[in-house]
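Now for the letters of each chain:
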Amino acid sequence: MTTPSPLPLATMGGLALAVLALTLLTLSHLLQAGLPLGDYALLRPLTQHDTVLVMTGPWAPVESGLGAYYRPLSAILYGGLFDLLGVHASWLHAVVLLELAAVAWLAAILISRDSTPRAGLLGAAVLILYPRLPAAVTHSSAAIAQLTAMVLTLLCLLRWHTVRHDQRLLRWWPIFAMIGIGAFVREDLLMLAPALLTL
């Protein structure tokens, strides 16, 4: 089987602009939302000591009620966002919207590779316009880690789409590197490896 040809840059750029415009047109009202109480447990400064703690234990303070998961890159990501943006809700929601647009754009590229750019744009529109989406991923800045995991998943799928018929292990290492990194954002990304190997 042949390797799929990548989409032209103009097509990818057009998809990116269309997806970003659709995201902002339909969800920009969320920029006015405040932060739920749980976000304040996530968005906190990380000292060197805190960074060592999240590398060796739970990602959030036990009293936050966020669970004792091992997600050190999520904790470091939120610490960096706190250093950069503080607890300014509109800026944090803007990060969520940009990340959501990135997820929809990557999904559009993936769909377009097997179909047409029009089908890819339709797929992105279904994702963005899904009625429960605002409550699911954009209500809280806690969605940033989930959206980061989605970006990594789609990047893995795009790379897999390119190398799936190639038996050389060297061509697959970016996939396993992204899965390894992603597992420190959300542990469920580890389940992507067996799925890609069996497809």
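All of these numbers come straight from a predicted model, not from anything done at the bench.

Participant: Sorry, what's going on with the overall build of the protein chain here?
Facilitator: Along the protein chain, the regular secondary structure elements total ten helices and zero strands. Along the protein chain, helices and strands appear, N-terminal first, in the series α-α-α-α-α-α-α-α-α-α. Evaluated residue by residue, the protein chain yields a buried proportion of 40% over its 199 residues. Element-wise, carbon and sulfur atoms account for 71% of the exposed surface of the protein chain, whose accessible area totals about 10800 Å².

Participant: For this particular structure, what's the right way to read the pattern of salt bridges?
Facilitator: Any two side chains of opposite charge can pair, so long as their charged atoms come close to each other. Using the criterion set out here, one finds two salt bridges in the structure. The network of salt bridges with shared partners includes Asp 166, Arg 168 and Arg 171.

Participant: Just to check I follow, could you spell out the confidence of the model for the protein chain for this structure?
Facilitator: Should pLDDT be low for a region, the predicted coordinates there are not to be read in detail. Mean pLDDT for the protein chain: 83, with 87% of residues reaching 70 or above. Mean pLDDT per element in the protein chain: helix 2 (residues 37-42) is the minimum at 69, and helix 6 (residues 117-129) is the maximum at 94.

Participant: Before we go on, may I ask you to explain the packing of aromatic side chains in this structure?
Facilitator: Within a pair of aromatic rings, the relevant descriptors are the distance that separates the centres and the angle that separates the planes. Throughout the structure, instances matching the rule amount to one aromatic pair. The aromatic ring of Trp 160 is capped on one face by Arg 164, whose charged end is 5.2 Å from the ring centroid.

Participant: Explain helix 1 (residues 9-27) here, please?
Facilitator: For an α-helix the count is 3.6 residues per turn, leaving residues at separations of three or four pointing the same way. Taking 1.5 Å of rise per residue, the 19 residues of helix 1 would be expected to cover 27 Å, and the 26 Å separating its terminal C-alpha atoms lies within 8% of that figure. For helix 1, every residue scored as buried is listed here: Leu 15, Val 19, Thr 23 and Leu 27. Buried residues along helix 1 cover an arc of 65° about the axis, so they all sit on one side. The exposed set on the far side of helix 1, more than 90 degrees from its buried face, consists of Ala 10, Leu 17 and Leu 25.

Participant: How should the nonpolar core be read in this particular structure?
Facilitator: Here is a general trend for soluble globular proteins: nonpolar side chains tend to be buried in one another's company. Judged by nonpolar contacts, the single largest core of 48 residues is most densely connected at Leu 27, Tyr 78, Leu 81, Cys 156 and Ile 175. Only helix 1, helix 4 (72-85), helix 5 (89-114), helix 6, helix 8 (143-163), helix 9 (173-183) and helix 10 (192-198) provide two or more residues apiece to this core. Sequence-distant contacts of Leu 81, defined by excluding residues within four places in its chain, comprise Leu 43, Gly 86, Leu 92, Val 95 and Ile 144.

Participant: I would appreciate a short explanation of the environment of Leu 106 in the present structure.
Facilitator: Position of Leu 106 relative to the elements: it lies in helix 5. On a C-alpha basis, the gap between Leu 106 and Met 150 in space is 9.5 Å, while along the polypeptide they are 44 residues apart. Residues within four places of Leu 106 in sequence aside, it is in contact with Val 151, Leu 154, Leu 155 and Leu 158.

Participant: Just to check I follow, could you spell out the packing of helix 5 against helix 6 for this structure?
Facilitator: For any two helices packed against each other, one specifies the crossing angle of their axes together with the interaxial distance. Two elements in contact, helix 5 and helix 6, have axes separated by 7 Å at closest approach and are oriented at 145°. Between helix 5 and helix 6 the crossing geometry is right-handed. Touching Val 103, Ala 104, Ala 108, Ile 111 and Ser 112 of helix 5 are Pro 117, Ala 119, Gly 120, Leu 121, Gly 123, Ala 124, Leu 127 and Ile 128, all from helix 6. Per-class residue counts for the contact of helix 5 with helix 6 are ten nonpolar, three polar and no charged.

Participant: Got a minute to help me understand a nonpolar patch on the surface in this structure?
Facilitator: A surface patch of nonpolar side chains, amounting to about 480 Å² of accessible area, comprises Met 55, Tyr 70, Leu 73, Ile 76, Ile 181 and Phe 184. Residue class for Ile 181 comes out partly exposed when judged on its relative accessible area of 47%.

Participant: Please explain the side chain of Arg 186 as it appears in this structure.
Facilitator: Structurally, Arg 186 can be placed in the loop between helix 9 and helix 10. Setting aside its immediate chain neighbours within four residues, Arg 186 contacts Arg 71, Ala 145, Gln 146 and Ala 149.

Participant: Where do I start with the environment of Phe 176 in this structure?
Facilitator: Relative to the assigned elements, Phe 176 resides in helix 9. Along the sequence, Phe 176 and Leu 192 sit 16 residues apart, while their C-alpha atoms lie 9.4 Å from each other. In contact with Phe 176, other than residues within four places in its own chain, are Ala 193 and Leu 197.

Participant: Is there a simple way to explain helix 6 in this structure?
Facilitator: Taking 1.5 Å of rise per residue, the 13 residues of helix 6 would be expected to cover 18 Å, and the 18 Å separating its terminal C-alpha atoms lies within 8% of that figure. Within the sequence span of helix 6, burial applies to Gly 120, Ala 124, Ala 125 and Ile 128. An end-on view of helix 6 places all buried positions within 140° of arc, on one side of the element. Within helix 6, the exposed residues directed more than 90 degrees away from the buried face are Arg 118, Leu 122 and Val 126.

Rules used in this analysis
- Residues numbered from 1 in each chain as written.
- Predicted model: local features only at pLDDT ≥ 70, side-chain atom pairs only at ≥ 80, totals over all residues.
- Heavy atoms only, no water.
- Helix = DSSP H or I, 4+ residues; strand = E, 2+ residues; numbered from the N terminus.
- Buried < 20%, exposed > 50% of the residue type's maximum accessible area, 1.4 Å probe, protein only.
- Areas by Shrake-Rupley, 256 points an atom, 1.4 Å probe, with all protein chains shown as cover.
- Salt bridge = Lys/Arg side-chain N within 4 Å of Asp/Glu carboxyl O.
- pLDDT = per-residue confidence, 0-100.
- Phe/Tyr/Trp six-rings, centres within 6.5 Å; stacked < 30°, edge-to-face > 60°.
- Lys NZ or Arg CZ within 6 Å of the ring centre and 35° of its normal.
- Expected span 1.5 Å × (residues − 1).
- Arc of directions from axis to C-beta.
- Core = buried A, V, L, I, M, F, W, Y, C linked by side-chain atoms within 4.5 Å.
- Contact = heavy atoms within 4.5 Å.
- Axes fitted to C-alpha atoms, helices over the stretch in contact; angles between N-to-C directions.
- Left-handed = near helix turned anticlockwise from the far one by under 90°.
- Nonpolar A, V, L, I, M, F, W, Y, C, P; charged D, E, K, R; others polar.
- Patch = residues over 30% accessible without salt bridge, like charges linked within 9 Å, V, L, I, M, F, W, Y side chains within 5 Å.

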